[in-house]
Amino acid sequence: MKNIFLAILTVAFHHIAYAQLAALPEPVANNAVVALQKNGKTVFYSFFGLDSTKKSSGVHNKVFRMDPKTGASSMIGKVSDVGRLAAAASSINNKAYVVGGYEVMANGKERSSNHLFIFDPREEKFVSGAFLPIPIDDHVQAVWRNKLLFVISGWSDSLTVNAVQVYDPAKNKWQLASSLPNEPGAKVFGGTGLIAGDTIYLLGGAMFAKNYPPSRYFYKGAIDPKNPLKVTWTNVGEYPGEFRYRSAAYSKGDMIYFIGGSNETYNYNGISYAESKKVEPNNTLLIYSLQTGKFETIALSKNTMDLRGVVVDENKQVFTLGGMEPGQKVSKWLIKVKFP
C-alpha cells in the first residue's frame, strides 16, 4: 500500500467532520480495536471480526495493523483462538487486553468466550490471561486509572447479565464488582460507554426480551477510589434522540461523544431482529456534558455502525476502523472523526 493517506471523502455538518482515509487489507466489522505504541509511534490494531460476506463462515480471528500517519496496513497474523465477534480491546500500560466475544458454530448456535488475550506490540505476540468468571460478548469495556479493566454487562451464552467483571493485570486476577441494577434496561448487549474520572457512563444496547428491544436508559456508576470493586449505580433515566446499538464512546474535556451505531437492534449480518429488514447506521451524534448533565444530539449525513470502539492517536485525534457503512457495506476504512 502507498505510504500516504488518500483523502477520498470528507463530509462536514454542524462542525463535525468525517474524513475517509487509509484502508485495511480487507473490510471488517464488529472488530475489537486498540491504539498502542510501537517503536515510538502510535499504531492501530484490529482483532477478530466479520468479513464482507456477513455470513457465519466470514467470522475470523485475523489481526490487522495500521500506521495512522502513513496509512500503511497489513495482516500480521491471527489470534490463537477460533474466529469471534463482539470482543473488545483496551490498552493498559501499552498492552492490549482482548476480552470475550462469541463464536458462531457450524449449526448456527453461538457460544460466548471466557478468554482474555494479552497482546504486546513489541513482538506482536499474544499470551493468555486468567479466564473470566463469566463468559461474555457484546459487553462494554473500559479502563480505570490505567490500572484496572472493567468488563460491564453483555451477553453470556443464552442471556444478558448485569455483572461487572474487573481484571487486575498486576495480579492476573478477575474479581466481581458491584453489579448493575437487576433490571432489563441495565442487562444489555451491544451497549456503549466508558469511564471518565471515577465514574462509569453507560447507555443503549439490546434488552433480553422478544426481538431484543432497545434499552433507552442511561446509567452512571460511581467507582470508590479506595475500593474500586465498589460501584454505586444510578439509573439516570432515558437519553434523548435515536436509540444506539453497537456504537462507540469517547471523552474529550467535559464532553462524552457517542459515535455511530444503529437505531435498531440486529444480528451480526445486519438484519434487524424485529422486522427482518436491513439496518442502517444511526445518523446522529449524541453528546453528553459532564458539567451540566445534559445531552445534545447533532444530525449527520453519514455514520458507521457495528463498532466495538474507537482508536485515538498521540494527538488525540479520534478514528473508527472498520464497521458497517450505509447499505450494510462492511468497511475497510480508517475514518477520522473531528469534533468541535
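Let me sum up the structure you'll find in this document. (Residues numbered from 1 in each chain as written. Predicted model: local features only at pLDDT ≥ 70, side-chain atom pairs only at ≥ 80, totals over all residues. Heavy atoms only, no water.)

## Examining the sheet that holds strand β14 (residues 148-152)
- Spatial ordering of the open sheet is given by β13-β14-β17-β18, a layout of four strands whose pairing is antiparallel. The open sheet has two free edges, formed respectively by β13 (140-144) and β18 (173-177), since each of these has just one partner strand. When the angles between neighbouring strand axes are averaged without regard to direction, this sheet yields 25°.
- In terms of strand pairing, strand β17 (residues 164-168) meets β18 through five bridges, oriented antiparallel. Residue pairing in the sheet places Asp168 in a bridge with Lys173 of β18. (Pairing = 2+ DSSP bridges. Helix = DSSP H or I, 4+ residues; strand = E, 2+ residues; numbered from the N terminus. Axes fitted to C-alpha atoms, helices over the stretch in contact; angles between N-to-C directions.)

## Re empty space enclosed by the protein
- The tally for this structure, following the rule as stated, stands at two cavities of 30 Å³ or more.
- The calculated volume of the largest cavity comes to roughly 100 Å³.
- Along the wall of the largest cavity there are 15 residues; nearest its centre are Ala186, Val188, Leu202, Leu203 and Gly204.
- Elements with a contribution of two residues or more to the lining of the largest cavity: β21 (199-203) and β23 (217-224).
- Looking at side-chain class alone, the lining of the largest cavity contains nine nonpolar, six polar and no charged residues. (1 Å grid on protein atoms, 1.4 Å probe; cavity = no way out; pocket = protein on both sides within 12 Å on 5 of 7 lines; lining within 4 Å. Points joined across faces, edges and corners; volume = space filled by probe spheres on them. Nonpolar A, V, L, I, M, F, W, Y, C, P; charged D, E, K, R; others polar.)

## Let's talk about the layout of surface pockets
- In this structure, the largest pocket spans a volume of roughly 1,100 Å³.
- Lining the largest pocket are 40 residues, and of these Ser91, Val143, Tyr250, Val310 and Val312 sit closest to its centre.
- Mapped onto the lining of the largest pocket, the elements with two or more residues apiece are β3 (32-38), β7 (88-92), β13, β20 (192-196), β25 (248-252) and β29 (311-312).
- Class assignment for the residues of the lining of the largest pocket results in 20 nonpolar, 15 polar and five charged.

## A word on the sheet that holds strand β5 (residues 59-66)
- Across the sheet, which stays open at both edges, the four strands sit in the order β3-β4-β5-β6 with antiparallel pairing between neighbours. Edge strands, defined here as strands with exactly one partner in the open sheet, are β3 and β6 (73-78). Strand-to-strand twist across the sheet, computed as the mean angle between neighbouring axes with direction ignored, equals 30°.
- Here β3 runs beside strand β4 (residues 41-50); their pairing, made up of seven bridges, is antiparallel. In the sheet register, Ala35 faces β4, and the bridge partner there is Phe44.

## Some words on the side chain of Asp120
- In this structure, Asp120 sits in strand β11 (residues 116-120).
- A polar side-chain atom of Asp120 sits 2.6 Å from a polar atom in the side chain of Arg122.
- With residues up to four places along the chain from it excluded, the contact list for Asp120 reads Lys95 and Lys125. (Polar contact = N/O pair within 3.5 Å; in protein donor to acceptor, adjacent residues only side chain to side chain. Contact = heavy atoms within 4.5 Å.)

## Section: the packing of aromatic side chains
- Counting across every chain of the model gives 24 aromatic pairs.
- Each ring, one from Tyr201 and one from Phe218, has its centre 6.3 Å from the other, and the planes form 20°; the classification is stacked. With Tyr201 in strand β21 and Phe218 in strand β23, this pair connects stretches of sequence that are 17 residues apart. Taken individually, Tyr201 and Phe218 each receive the classification buried, so the pair is uniform in this respect.
- A network of ring pairs unites the aromatic residues Trp155, Phe189, Phe208, Tyr212, Phe243, Tyr245, Tyr266 and Tyr273 as a single cluster.
- Across the ring face of Tyr239, the terminal group of Arg216 is positioned such that the distance to the ring centre comes to 4.7 Å. (Phe/Tyr/Trp six-rings, centres within 6.5 Å; stacked < 30°, edge-to-face > 60°. Buried < 20%, exposed > 50% of the residue type's maximum accessible area, 1.4 Å probe, protein only. Lys NZ or Arg CZ within 6 Å of the ring centre and 35° of its normal.)

## Observations concerning the pattern of salt bridges
- According to the stated counting rule, one finds 13 salt bridges in the structure shown.
- For Glu103, the salt bridge is made with Arg111, and the minimal N-O distance between the two is 3.0 Å.
- Using a relative accessible area of 16% as the deciding quantity, one classes Glu103 as buried.
- The partly exposed category is assigned to Arg111, whose relative accessible area is 41%.
- With a shortest N-O distance of 3.8 Å, Glu264 and Lys277 are connected by a salt bridge. In this pair, Glu264 sits in the loop between β26 (255-259) and β27 (284-289) while Lys277 sits in the loop between β26 and β27, placing the two residues 13 residues apart along the sequence. (Salt bridge = Lys/Arg side-chain N within 4 Å of Asp/Glu carboxyl O.)

## Quick word on the pairing of β7
- Within β7, four of the five residues are buried, which leaves the element mostly enclosed by the surrounding structure.
- Pairing of β7 with strand β8 (residues 95-99) involves five bridges; the strand directions are antiparallel. Its bridge partner being in β8, Ser91 is matched across the sheet by Ala96.
- As consecutive antiparallel partners, β7 and β8 are separated by two residues, and within that stretch Asn93 has a phi angle of approximately 50°, a positive value.

## Structural notes on the environment of Gly205
- Considering the arrangement of structural elements, one finds Gly205 in the loop between β21 and β22 (206-207).
- The buried category is assigned to Gly205, whose relative accessible area is 0%.
- For the pair formed by Gly205 and Tyr245, sequence separation is 40 residues and the distance between their alpha carbons is 4.9 Å.
- Setting aside anything within four residues of it in sequence, one finds Gly205 in contact with Val188, Phe189, Gly190, Gly191, Pro213, Pro214, Ser215, Phe243, Arg244 and Tyr245.

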